[in-house]
Amino acid sequence: MPGLLRSLWHEPRPSDPPRRGWRDWALVGVLALAALLEGALRPGLPRLSVVITLALLPILLWRRARPLLMIALAFAVSTLLPFFWDARPESYTMAYVLLVVYALFRWGSGRDAVIGMAVMLAGLTLSLVLGRIPASDTLGSVAVLGSALTLGVAFRFRAGARMRELDQVKLLEREHLARDLHDTVAHHVSAMAIRAQAGLAASAAHPEAATDALRVIEAEAAHALDEMRLMVRVLRQDQPADLAPGRRITDLEQLSGGDPAVDVTVSGDLDGIPPLVEAAVYRVAQESVTNARRHARRATRISVRVEADDTSVRLRVADDGEPVAQTYPGFGLVGMRERAGLLGGTCVAGPGPDRGWTVTAVLPRTGSAP
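Note that the structure is predicted; figures quoted are calculated from it, not measured.

A. Up close: the overall build of the chain. Along the backbone of the chain there are ten helices and five strands. For the chain, the proportion of its 370 residues judged to be buried stands at 36%. Across the chain, contacts joining residues at least 24 apart in sequence account for 73% of those joining residues at least 6 apart. Only carbon and sulfur atoms are counted for the fraction: they give 63% of the accessible area of the chain, which is about 21,700 Å².

B. Highlighting helix α9 (residues 275-295). Here α9 is 21 residues long and its end C-alpha atoms lie 30 Å apart, about the 30 Å a rise of 1.5 Å per residue gives. Counting buried positions along α9 gives 16 out of 21 residues, so the element sits mostly inside the fold.

C. Broad picture of the UniProt feature "transmembrane region" (unreviewed entry) in the chain. Within this numbering scheme, the UniProt entry marks residues 44-61, 68-85, 91-107, 114-133 and 139-157 as carrying the feature "transmembrane region" (unreviewed entry). Segment residues 44-61 splits into 56% helix and 0% strand. End C-alpha atoms: 30 Å apart. Annotated as 100% helix and 0% strand, the span residues 139-157 places its first and last C-alpha atoms 26 Å apart.

D. Seen up close, the pattern of salt bridges. Throughout the structure, instances matching the rule amount to six salt bridges. R42 is the salt-bridge partner of E38, the closest N and O atoms lying 2.8 Å from each other. With relative accessibility at 11%, the residue E38 sits in the buried group. Assessed through its relative accessible area of 22%, R42 is described here as partly exposed. The salt bridge involving E278 is made with R248; its shortest N-O contact spans 2.8 Å. Here E278 is found in helix α9, whereas its partner R248 is found in the loop between α8 (207-235) and β1 (261-268), with 30 residues between them in sequence. Where salt bridges share partners, they join D24, R63 and R64 into one cluster.

E. Quick look at the packing of aromatic side chains. On inspection of all chains with the given rule, the structure shows one aromatic pair. Residues Y102 and F155 carry aromatic rings whose centres are separated by 6.1 Å and whose planes lie at 80° to one another, so their mutual orientation is edge-to-face. Here F155 lies in helix α7 (residues 135-203) and Y102 lies in helix α5 (residues 97-107), a separation of 53 residues in the sequence. A relative accessible area of 22% means that Y102 is categorised as partly exposed. According to the relative accessible area criterion, F155 is partly exposed, its value standing at 35%. Taking the ring centre of Y92 as reference, the NZ or CZ of R42 above it sits at 4.1 Å. Across from the ring centre of W107, 3.8 Å away, lies the NZ or CZ of R106, which sits over that ring.

F. Structural view of the confidence of the model for the chain. Here the chain averages 78 in pLDDT, and 80% of its residues register 70 or above. Across residues 237-245 the pLDDT falls below 50, and counting only partners more than four positions away or on other chains, this stretch makes ten contacts in the model.

G. Inspection of the pairing of strand β5 (residues 357-364) at higher detail. Among the eight residues of β5, six are classified as buried, and the element is accordingly described as predominantly covered. Bridge count between strand β4 (residues 346-351) and β5: six bridges; the pairing is antiparallel. Within β5, the residue paired with V348 across the bridge is T360. Joining the antiparallel neighbours β4 and β5 is a turn of five residues, in which G356 adopts a positive phi near 80°.

H. How the structure looks around the nonpolar core. By size, the foremost hydrophobic cluster in this structure holds 29 residues, and its most contacted members are L252, V281, V304, V313 and L315. Among the elements that take part in this core, α9 stands out by supplying eight residues, more than any other. Residues within four places of V313 in sequence aside, it is in contact with I249, I273, V277, V281, V306, E307, A308, A361, V362, L363 and R365. Counting residues in hydrophobic clusters, the runner-up holds 24 residues, among them M70, L104, L124 and A148.

I. Region of interest: the packing of helix α2 (residues 22-41) against helix α3 (residues 47-56). Where α2 meets α3, the closest approach of the two axes is 10 Å, and the angle between their N-to-C directions is 180°. Taken together, α2 and α3 sit at an angle that is classed as roughly antiparallel. The residues of α3 that touch α2, namely those facing A32, A35, L36 and G39, are V50, T53 and L54. Considering only residue class, the contact of α2 with α3 consists of five nonpolar, two polar and no charged.

J. Geometry of the sheet that holds β1. Spatial ordering of the open sheet is given by β1-β2-β3-β5-β4, a layout of five strands whose pairing is mixed. Both outer strands of the open sheet, β1 and β4, are each paired with one neighbouring strand and no more. In this sheet, adjacent strand axes meet at a mean angle of 10° when their direction is disregarded. Here α9 sits on the sheet in contact with β1, β2 (301-308), β3 (312-319), β4 and β5, set at roughly 10° to β3.

The rules behind each value
- Residues numbered from 1 in each chain as written.
- Predicted model: local features only at pLDDT ≥ 70, side-chain atom pairs only at ≥ 80, totals over all residues.
- Heavy atoms only, no water.
- Helix = DSSP H or I, 4+ residues; strand = E, 2+ residues; numbered from the N terminus.
- Buried < 20%, exposed > 50% of the residue type's maximum accessible area, 1.4 Å probe, protein only.
- Contact = heavy atoms within 4.5 Å.
- Areas by Shrake-Rupley, 256 points an atom, 1.4 Å probe, with all protein chains shown as cover.
- Expected span 1.5 Å × (residues − 1).
- UniProt positions renumbered as here; feature names shortened; annotations may be inferred.
- Salt bridge = Lys/Arg side-chain N within 4 Å of Asp/Glu carboxyl O.
- Phe/Tyr/Trp six-rings, centres within 6.5 Å; stacked < 30°, edge-to-face > 60°.
- Lys NZ or Arg CZ within 6 Å of the ring centre and 35° of its normal.
- pLDDT = per-residue confidence, 0-100.
- Pairing = 2+ DSSP bridges.
- Core = buried A, V, L, I, M, F, W, Y, C linked by side-chain atoms within 4.5 Å.
- Axes fitted to C-alpha atoms, helices over the stretch in contact; angles between N-to-C directions.
- Parallel < 35°, antiparallel > 145°, perpendicular 65-115°, else oblique.
- Nonpolar A, V, L, I, M, F, W, Y, C, P; charged D, E, K, R; others polar.

Structure follows, in structure tokens:
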């Protein structure tokens, strides 16, 4: 219990409360007119009640910016002034104070809420003890104030839950972007680095090798820029995002260039496979080939096998090199597992049965878990 009270006391105010606008001024004007009409048409209503109602109307303009101060003013004036002028604020229009109570628990800090609740209870208790209001009215007032309090807390919690959902979406989007950047741009950059190293090594004996390497680097750089433009377009708010996956299983042939060579074999019926599944197969294969070229020592070939049947699509990427032991999984392997898991599939990577490294991914043909 002390921990709960401590957390409540240190609860910060919600960020970016609505600013005072024309609606607030219109509300004050309408309530002022209502108070004047009530004073003129309701017999027996003390003039002091109308004066207090009109005098407290400006608290609505600052109810979100200074909720605790507005609550203190409302209850101090409505509770203390009748003792000096022997009258009670019985105006029905005074019900607008409930808006201030709501604002206190919707927009105030935890400290403001605790102090404001104490002020309200002190005002009601003082009126009850001194006989200004009967016990039945006190219980009714507590019930009405409790309703406004509950409504403010409910909307505050709802807004907080919405903000947490947005933060979670942003976090997931960052993870997706990080994975896409790793799977696309990193692939092309790695290819450029490998070709640049090969061109430098062979340029002395074969000058034409440097020219060939520059052509490959230019092509890879163009692909990397295209991928970056697609992701930037998704991030822009003033243009519609093209969210449709752009890679298919037939694009695996594009991975065959480079050193070591990549042998791509596709079998089975590819018709009707969802684009998300095809994109996932391509990305997993692309990352696997990039890792093989980067880490497999003395590799002479990389094989990519895709088999599609009535229920699943199976991908196997294997090399014949000497894998480098990894003490922890890289982001590429994590991304491959996430892609497969999101579609209800699996992705396993490890040493091959004879030598080299093997990545095996099995995805449901429908793109969802059975």
